[in-house]
Amino acid sequence: MEIVFSFVSLTVTKILEFSGLLDDRNVLRSKKMEEKALEVYDVIRSIRDPEKPNTLEELDVVTEKCVEVKELGEDEYLIIIKFSPTVPHCSLATLIGLCLQVKLQRCLPFKHKLEIYISEGTHSTEEDINKQINDKERVAAAMENPNLREIVEQCVTEPDD
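Residues numbered from 1 in each chain as written. Predicted model: local features only at pLDDT ≥ 70, side-chain atom pairs only at ≥ 80, totals over all residues. Heavy atoms only, no water.

(A) Summary view of the sheet that holds strand S2 (residues 76-83). One open sheet accounts for 3 strands, arranged S1-S2-S3; its pairing is mixed. Lying at the two open borders of the sheet, with one neighbouring strand each, are strand S1 (67-73) and strand S3 (111-118). Averaged over all pairs of adjacent strands, the angle between strand axes in this sheet comes to 20 degrees, irrespective of strand direction. In this structure, S2 lies alongside S3, joined through 8 bridges in parallel fashion. Across the sheet, residue Glu76 finds its bridge partner in S3, namely Lys111. Strand contacts of helix H3 (residues 93-107): S2 and S3, with the helix running at about 165 degrees to S3, the strand carrying the most contacts. Docked against the sheet, helix H4 (residues 126-133) engages S2 and S3, running at close to 160 degrees with respect to S3. (Pairing = 2+ DSSP bridges. Helix = DSSP H or I, 4+ residues; strand = E, 2+ residues; numbered from the N terminus. Axes fitted to C-alpha atoms, helices over the stretch in contact; angles between N-to-C directions. Contact = heavy atoms within 4.5 Å.)

(B) Main features of the environment of Val43. Turning to its location among the elements, Val43 is positioned in helix H2 (residues 21-44). You can call Val43 buried: its relative accessible area is 13%. Residues Val43 and Val156, 113 residues apart in the sequence, show an inter-C-alpha distance of 9.5 Å. Apart from the residues lying within four places of it in its own chain, the contact partners of Val43 are Lys103, Leu104, Cys107 and Leu108. (Buried < 20%, exposed > 50% of the residue type's maximum accessible area, 1.4 Å probe, protein only.)

(C) Up close: the pattern of salt bridges. One pass over the full model with this rule turns up 9 salt bridges. Close ionic contact of Asp42 with Arg45 constitutes a salt bridge, the shortest N to O distance being 3.0 Å. A relative accessible area of 47% means that Asp42 is categorised as partly exposed. Glu153 is paired through a salt bridge with Arg106; the nearest N and O atoms lie 2.3 Å apart. Of this pair, Glu153 sits in helix H6 (residues 146-156) while Arg106 sits in helix H3; the two residues are 47 residues apart in sequence, bridging distant segments of the chain. (Salt bridge = Lys/Arg side-chain N within 4 Å of Asp/Glu carboxyl O.)

In structure tokens form, the structure reads like this:
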């Protein structure tokens, strides 16, 4: 029975590929992921740098290319962000990651899982920072600190707010 099912499944897949229907579905899925990635980028581009009067977009800390979205299930997505601190020894890279976490958790209208990383080779302690900014308990503890919370709020609040 298993062999028959595999054969039928393979046959249907080949028919769909030949007819172009499978390619159309993949193109639509790919386009949907690109649209979601742009939606995510629109949320993070306006985050302000903690020590400069610029946004993360203006400083090229985040770009459209640094956002990747994958479908996990129906209306559920994995968002992967790889940001680049301005210098390899940036002391505020963890804070920038925290700002990305907070802004996306607040602003995204769809169900998601979030992974934030420093782009490979752009920071001297990227592995340690990557662990910190993806640890939910550490993020929650950081946001309980009133001084940190105030800095994060200043960074993530839109200028019009």
